[in-house]
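# Summary of the model geometry
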Amino acid sequence: MSTVPVAPPPPPRTAAPVNYLSVSHSVRSWLLTADHKRIAILFLVSISFFFVLGGFAATLVRLELVTPRGDLLSDDGYNKAFTAHGIVMIFFFLIPSIPATLGNFLLPIMIGARDLAFPKVNLLSWYIFMIGGVIALSAMFLGGVDTGWTFYTPYSSTYSNQWVSLTVIGLFLAGFSSILTGLNFIVTVHTMRAPGMTWHRLPLFVWAAYATSLIQVLATPVVAITLLLVAVERTLRIGFFDPALGGDPVLFQHLFWFYSHPAVYIMILPGMGVINELVTCFSRKRIFGYEAIAAAHVALAVLGFFVWGHHMFVSGQSIYAGMVFSILTFAVAIPSAIKVFNWTATMFRGSISYDTPMLYTFGFIGLFTIGGLTGLPLASLGADVHFSDTYFVVAHFHYIMVGGMVLAYLGGLHFWWPKMTGRLYPEGWAKFAALVVFVGFNLTFFPQFLLGYLGMPRRYHAYPEEFQVLHVLSSAGASILAVGFIIPVVYFLWSLRSGPPAPANPWGAKGLEWEATASPPVTENFADTPVVTEPAYNYASEREPEIV
Amino acid sequence: MKWFPTVASEWALQWEYHNLYLHFWIAFFTVVIFLGVFWFAVKYRRRSEDEQPRPILGSNIAEIVWTLVPLLIAMSMFAWGAALYFEYASPPENAIEVYITGKQWMWYAQHPEGQREINELHVPVGRPIKLTMTSEDVIHSFFVPVFRLKRDVIPGRYTTIWFTATKAGRYHLFCAEYCGAQHSRMGGWVYVMEPAAYEEWLSGGAAGSMAAQGEKLFAQFGCASCHLSGQQGRCPNLTNVFGNRVELSGGATVVADATYIRESILNPAAKVVAGFQNIMPSFQGQVSEQNLLQLIAFIRSLSSAGSLGVPAGEAGGIGQRPPATPARVDRRTQGRPRQP
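Criteria and cut-off values
- Residues numbered from 1 in each chain as written.
- Chains lettered and ligands numbered in written order.
- Predicted model: local features only at pLDDT ≥ 70, side-chain atom pairs only at ≥ 80, totals over all residues.
- Heavy atoms only, no water.
- Helix = DSSP H or I, 4+ residues; strand = E, 2+ residues; numbered from the N terminus.
- Buried < 20%, exposed > 50% of the residue type's maximum accessible area, 1.4 Å probe, protein only.
- Contact = heavy atoms within 4.5 Å.
- Rg over C-alpha atoms; globule rule 2.2 N^0.38 Å.
- Areas by Shrake-Rupley, 256 points an atom, 1.4 Å probe, with all protein chains shown as cover.
- Lys, Arg positive; Asp, Glu negative; His and termini not counted.
- Charge placed at Lys NZ, Arg CZ, Asp CG, Glu CD.
- Pairing = 2+ DSSP bridges.
- Axes fitted to C-alpha atoms, helices over the stretch in contact; angles between N-to-C directions.
- Left-handed = near helix turned anticlockwise from the far one by under 90°.
- Nonpolar A, V, L, I, M, F, W, Y, C, P; charged D, E, K, R; others polar.
- Buried area = accessible area lost by both parts, 1.4 Å probe.
- Salt bridge = Lys/Arg side-chain N within 4 Å of Asp/Glu carboxyl O.
- Polar contact = N/O pair within 3.5 Å; in protein donor to acceptor, adjacent residues only side chain to side chain.
- Core = buried A, V, L, I, M, F, W, Y, C linked by side-chain atoms within 4.5 Å.
- Patch = residues over 30% accessible without salt bridge, like charges linked within 9 Å, V, L, I, M, F, W, Y side chains within 5 Å.
- Phe/Tyr/Trp six-rings, centres within 6.5 Å; stacked < 30°, edge-to-face > 60°.
- Lys NZ or Arg CZ within 6 Å of the ring centre and 35° of its normal.
- Parallel < 35°, antiparallel > 145°, perpendicular 65-115°, else oblique.
- Disulfide = S-S within 2.5 Å.
- Expected span 1.5 Å × (residues − 1).

## Quick look at the overall build of chain B
When you go through chain B residue by residue, the secondary structure sums to seven helices and 13 strands. Counting only residues that meet the buried cut, chain B has 56% of its 340 residues in that class. A separation of at least 24 residues holds for 68% of the contacts in chain B among residues at least 6 apart in sequence.

Pasting the structure below:
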């Protein structure tokens with residue numbers, strides 16, 4: 001995005017440029033920083049650590065399922081492994097992933113601000129996240145928790161004799177991190193946009209982050225209090241959910257999914273935001289249907305609040321409630337479809353390059369399409385009766401969460417890596433890794449659709465022998481997927497020291513983060529506050545735009 | 001390795017047609033998007049570094065088309081799925097009833113004639129079967145893949161499920177809702193039998209019908225001294241109560257179905273019959289769910305109302321055997337193609 005400086009340009013510097021990384025190297029300067037870019041790096045390191053832990057738990061699960069007998073882990077050990085995988089990946093990787101890393105780093109720069117509205121609250125958010133994470137992890141290392149990440153009552157509140165209370169206290173705290181980040185983003189987008197950065201010129205990544213923040217602020221308190229009620233029922237035996245104490249076990253499911261379904265959109269919306277940036281840059285095109293996509297982002301956030309009951313079609317909720325939730329769930333498919341069509345149309349008559357971020361974009365569009373469409377049988381009241389709680393559900397949400405969100409995250413990380421670190425990564429290795437991830441992912445999760453159709457229930461430690469072939473394929477795919485995740489870790493770490501220095505705008509991309517600041521950016525992002533004079537994604541700006 | 005699971009109930013066949021329709025559209029849109037992305041990526045690949053493709057802002061017509069067309073298709077999916085679900089939630093009145101209790105980590109079944117099974121369920125081909133289910137502890141889920149049927153089994157309430165099996169055989173029964181350490185071992189087999197074999201199985205020694213077993217419990221827990229003796233005035237007489245409307249103190253009325261009877265045994269103060277004081281002790285923690293079902297079967301046997309008056313989809317009457325009418329005359333299954 002071209003900018004007009006409000007003041008005359010500063011005199012040329014003679015010393016080496018000071019950026020947010022080189023400004024100080026002490027540990028203290030990192031732990032007490034209020035710079036959104038440094039906090040983003042703190043989150044990046046933290047969630048990468050959690051991703052490795054969650055991946056380790058997934059490895060145990062997939063190894064166990066190679067044989068039908070349940071012979072590698074005890075049944076308790078297996079249940080703790082899939083619970084650890086779910087809790088770590090959802091609460092400590094997926095939910096903070098793009099908002100707290102790329103969002104923290106980019107959102108202020110993209111709108112021409114020098115920081116978030118509340119820089120110290122931003123740091124507080126990281127500390128709360130870490131305290132919550134340490135508490136949840138300590139529960140896992142003290143003995144573990146075996147309730148699944150869904151904590152269904154009365155199993156979690158009365159029958160499980162594991163570390164449930166400690167875990168939910170950790171999650172309760174981590175929720176506040178999510179709320180604070182969301183609040184910070186909302187206030188920042190409302191109050192700190194640079195001159196000329198109107199709502200209609202906002203990069204769609206910012207729209208997506210804004211919609212995500214709304215969900216974080218509105219929904220997270222519900223799950224926080226719900227989990228606390230589970231802990232209260234466990235410790236004080238006050239009946240909320242256990243019918244033996246006068247409670248209602250299905251009430252828990254309503255409260256839990258009132259958060260946890262919108263949380264799905266916390267996890268996928270930022271990924272969609274990233275794809276908007278990538279598909280335009282590597283097609284060198286204006287986004288097709290800016291308003292439609294922006295509206296679809298917000299529509300997903302709003303509609304996402306009214307579909308929680310589709311998790312309970314076979315749980316004894318009334319058939320009329322089921323019908324309302326079913327029709328709204330079909331409706332929520334439409335904004336996602338609109339986005340996929342618009343991204344595809346953005347490529348139409350473009351100039352498409354095959355750089356690594358674009359490969360991840362291709363992967364995202366394809367896998368998100370499959371993930372989204374396979375949500376339709378789960379939205380159908382009739383079809384869900386069979387598919388509910390089978391591997392079909394597991395495959396569906398992994399296509400969204402890994403095929404969608406993780407691919408978008410990796411695509412975004414490659415795209416902005418030069419900006420964040422000032423270094424280029426090796427393109428050949430990156431393309432190879434993207435291919436490995438795509439192949440490994442599909443081999444892991446496509447067989448799980450078939451398993452679900454054949455009737456394999458989820459969360460099974462041992463299973464009938466006829467399912468073994470598909471489980472072995474899935475585990476083989478998981479090992480390929482693991483290689484695809486390890487390669488980028490190696491070359492990213494290598495590039496930090498040995499990668500070629502990155503220019504300010506290596507992709508020829510539009511946007512303030514590329515055009516108005518260096519790589520890496522200086523401490524307060526801009527020497528002078530930029531003034532925005534053109535719409536987002538103004539590629540090929542000298543040519544007359546058309547409306548087809 | 002089987003790629004297509006057995007279809008062994010009438011509902012499963014309906015489910016397969018619906019699922020085929022859904023997956024036709026899934027395949028269609030997946031192919032459209034994949035071909036679109038692939039074609040554009042090849043056709044419009046960057047040929048020189050200084051290409052400046054003409055910007056396209058969008059298209060209102062395209063936005064309307066790709067909003068409305070998927071919406072219409074989605075609504076057709078919704079309507080079909082909802083119709084199927086109504087059938088799932090509406091057991092026919094002439095169904096054979098079987099009572100299921102889930103418990104970590106076992107399935108108990110009892111037939112009205114008194115036969116009890118653990119981790120097995122025997123049913124005949126061609127007759128609608130209705131299962132009334134509850135749990136002793138946590139939430140379980142009764143799942144038979146060849147019937148494409150599942151329903152959560154919830155402590156503190158009765159849920160129902162029904163099917164008409166079409167193919168004799170031995171089929172997997174799973175627990176589909178995670179229920180603790182041995183969740184994956186909480187399963188067994190459903191035996192679908194030819195009617196003659198089923199009748200033979202059913203006649204094998206049971207210790208009296210469910211209602212008879214309930215009558216013994218009724219005496220054993222001391223219920224009979226109040227509820228059936230002549231001491232009218234202290235307790236409501238339970239003859240002809242089941243299936244009828246009961247007036248409560250406070251003016252409300254309630255249909256005396258299984259849920260109400262169960263609640264009145266465990267928590268007598270919840271809904272007191274008009275004209276009576278609540279002097280009955282609670283039996284919470286003293287009666288197992290299986291015994292509760294037997295008690296309800298006995299109380300039902302005292303009534304001529306049967307399961308009439310019980311709303312469809314709710315757990316209805318307990319413990320009575322309907323007349324043996326073949327499935328074909330059932331109004332819900334009339335004219336339905338039978339699985340060969």
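## Remarks on the overall build of chain A
The helix and strand tally for chain A stands at 17 helices and one strand. The C-alpha atoms of chain A give a radius of gyration of 23 Å, which matches the 24 Å a tight globule of 548 residues would have. Based on the C-alpha atoms only, the size of chain A along its principal axes is roughly 75 × 50 × 45 Å. A buried classification covers 65% of the 548 residues belonging to chain A. As displayed, chain A has an accessible area near 17,700 Å², and 72% of this comes from carbon and sulfur atoms. Both charge centroids of chain A, one from 26 positive and one from 26 negative side chains, sit 9 Å from each other.

## Describing the sheet that holds strand 9 (residues 159–164) of chain B
Strands pair in a sheet through their backbones, by hydrogen bonds, and they do so in one of two ways: parallel or antiparallel. All names here are of chain B. What the five strands build is an open sheet, ordered 4-3-2-6-9; its pairing is mixed. Edge strands, defined here as strands with exactly one partner in the open sheet, are strand 4 (116–118) and strand 9. The mean inter-strand angle of the sheet, taken between neighbouring strand axes irrespective of direction, is 25 degrees. By the bridge criterion, three bridges tie strand 3 (residues 106–110) to strand 4 in an arrangement that is antiparallel. Bridge pairing in strand 4 places glutamine 110 opposite arginine 116.

## Here we look at the packing of helix 10 (residues 319–347) of chain A against helix 11 (residues 356–373) of chain A
All names here are of chain A. At a minimum axis separation of 11 Å, helix 10 and helix 11 run at an interaxial angle of 145 degrees. At the point where helix 10 passes helix 11, the crossing takes the left-handed sense. Judged by residue contacts, Ser336, Val340, Trp343, Thr344 and Met347 of helix 10 engage Met358, Phe362, Phe364, Ile365, Phe368 and Thr369 from helix 11. Tallied by class, residues from the contact of helix 10 with helix 11 come to eight nonpolar, three polar and no charged.

## Considering the interface of chain B and chain A
Contact with chain B, which involves 83 residues of that partner, is made by 102 residues of chain A. Taken over both partners, the interface formed by chain B and chain A buries close to 8,400 Å², and the fraction arising from carbon and sulfur atoms is 66%. Counting across the chain B and chain A interface gives three salt bridges. On inspection of chain B and its partner chain A, the count reaches 33 residue pairs in polar contact (both at pLDDT 80 or more). Only helix 1 (10–43), strand 1 (56–58), helix 2 (60–88), strand 8 (149–153) and strand 10 (169–175) of chain B provide two or more residues apiece to the side of chain B that touches chain A. For the side of chain B that touches chain A, the leading source of residues is helix 1 of chain B, giving 17 residues. Residue composition of the side of chain B that touches chain A, grouped by class: 47 nonpolar, 18 polar and 18 charged. Across two bridges, strand 1 (residues 546–547) of chain A lies against strand 1 of chain B in parallel orientation.

## What to know about the side chain of histidine 386 of chain A
Residue position: histidine 386 of chain A is located in helix 13 (residues 381–387). A distance of 3.0 Å separates a polar atom in the side chain of histidine 386 of chain A from the backbone oxygen of tyrosine 453 of chain A. Leave out the neighbours within four places in its chain, and histidine 386 of chain A touches Gly452, Tyr453 and Gly455 of chain A together with Trp15, Phe143, Pro145, Arg148 and Lys150 of chain B.

## Focus: the pattern of salt bridges
Counted under the stated rule, the structure contains 14 salt bridges over all chains. Note that aspartate 71 of chain A and arginine 69 of chain A form a salt bridge whose closest N and O atoms lie 3.1 Å from each other. When its relative accessible area of 54% is taken as the criterion, arginine 69 of chain A is described as exposed. A salt bridge links glutamate 97 of chain B to arginine 300 of chain B; its shortest N-O distance comes to 3.4 Å. Here arginine 300 of chain B lies in helix 7 (residues 289–301) and glutamate 97 of chain B lies in strand 2 (residues 96–103), a separation of 203 residues in the sequence.

## Considering the nonpolar core
Core analysis: the largest hydrophobic core is formed by 240 residues, its most contacted members being Trp343 of chain A together with Leu131, Phe142 and Phe147 of chain B. If one sorts the elements of this core by residue count, helix 3 (residues 75–110) of chain A sits on top with 21 residues. Once residues within four sequence positions are removed from consideration, leucine 131 of chain B is found in contact with Val98, Ile100, Leu121, Phe142, Thr159, Thr160, Ile161 and Phe163 of chain B. Counting residues in hydrophobic clusters, the runner-up holds 28 residues, among them Tyr99, Cys223, Ala256 and Ile299 of chain B.

## Points about a nonpolar patch on the surface
Residue and element names in this part refer to chain A. A cluster of nonpolar side chains, contributed by Val27, Leu31, Leu32, Tyr127 and Ile131, occupies part of the molecular surface with about 460 Å² of accessible area. Of all the secondary structure elements, the ones that give two or more residues to the nonpolar patch are helix 1 (27–31) and helix 4 (119–142). With respect to the helices, strands and loops of the structure, leucine 31 is situated in helix 1.

## Let's talk about the packing of aromatic side chains
Under the counting rule described, the total for this entry stands at 75 aromatic pairs over all chains. For the ring pair tryptophan 126 of chain A and tyrosine 127 of chain A, a centre distance of 4.9 Å and an interplane angle of 70 degrees mean the geometry is edge-to-face. A relative accessible area of 9% places tryptophan 126 of chain A in the buried class. A ring pair is formed by phenylalanine 446 of chain A and phenylalanine 449 of chain A, whose centres lie 5.9 Å apart and whose planes are at 70 degrees; its orientation type is edge-to-face. Placement of both phenylalanine 446 of chain A and phenylalanine 449 of chain A in helix 15 (residues 427–454) is noted, with a separation of three residues, approximately one turn of the helix. Ring pairs connect the aromatic residues Phe387, Phe392, Tyr399, Phe441, Phe445, Phe446, Phe449 and Tyr453 of chain A together with Trp15 of chain B, which therefore count as one cluster. The ring of tryptophan 30 of chain A has arginine 38 of chain A lying over it, and the distance from NZ or CZ to the ring centre is 4.1 Å. Arginine 170 of chain B extends its terminal NZ or CZ atom over the ring of tryptophan 189 of chain B, reaching a point 3.5 Å from the ring centre.

## Some thoughts on the packing of helix 10 of chain A against helix 2 of chain B
Relative orientation of the contacting elements helix 10 of chain A and helix 2 of chain B amounts to 155 degrees, with a least axis distance of 9 Å. Relative to helix 2 of chain B, helix 10 of chain A is oriented roughly antiparallel. Where helix 10 of chain A crosses over helix 2 of chain B, the handedness of that crossing is right-handed. Of the residues in helix 2 of chain B, those in contact with Ile319, Tyr320, Met323, Ser326, Ile327, Phe330, Ala331, Ile334, Ile338, Phe341, Asn342 and Ala345 of chain A of helix 10 of chain A are Glu63, Trp66, Thr67, Pro70, Leu71, Ala74, Met75, Met77, Phe78, Ala82, Tyr85 and Phe86 of chain B. A breakdown of the residues in the contact of helix 10 of chain A with helix 2 of chain B according to their chemical character gives 20 nonpolar, three polar and one charged.

## Considerations on the state of the cysteines
All chains considered together, the criterion is met by zero disulfides over all chains. A disulfide-free cysteine, cysteine 175 of chain B has its sulfur positioned 3.9 Å from the sulfur of cysteine 179 of chain B, the nearest such atom.

## Here's the deal with the pairing of strand 5 (residues 120–124) of chain B
All names here are of chain B. A large share of strand 5 lies buried, amounting to four of its five residues. For strand 5 and strand 11 (residues 188–193), the ladder comprises five bridges, and the chain directions are parallel. The residue of strand 11 that forms the bridge with histidine 122 is tyrosine 191.

## A short note on helix 2 (residues 36–64) of chain A
With 29 residues, helix 2 of chain A ought to run about 42 Å at 1.5 Å a step, and its terminal C-alpha atoms sit 42 Å apart, in line with that. Between the side-chain oxygen at the start of helix 2 of chain A and the backbone nitrogen of lysine 37 of chain A there is a gap of 2.8 Å, and the oxygen is on aspartate 35 of chain A.

These figures come from the coordinates and say nothing about function on their own.
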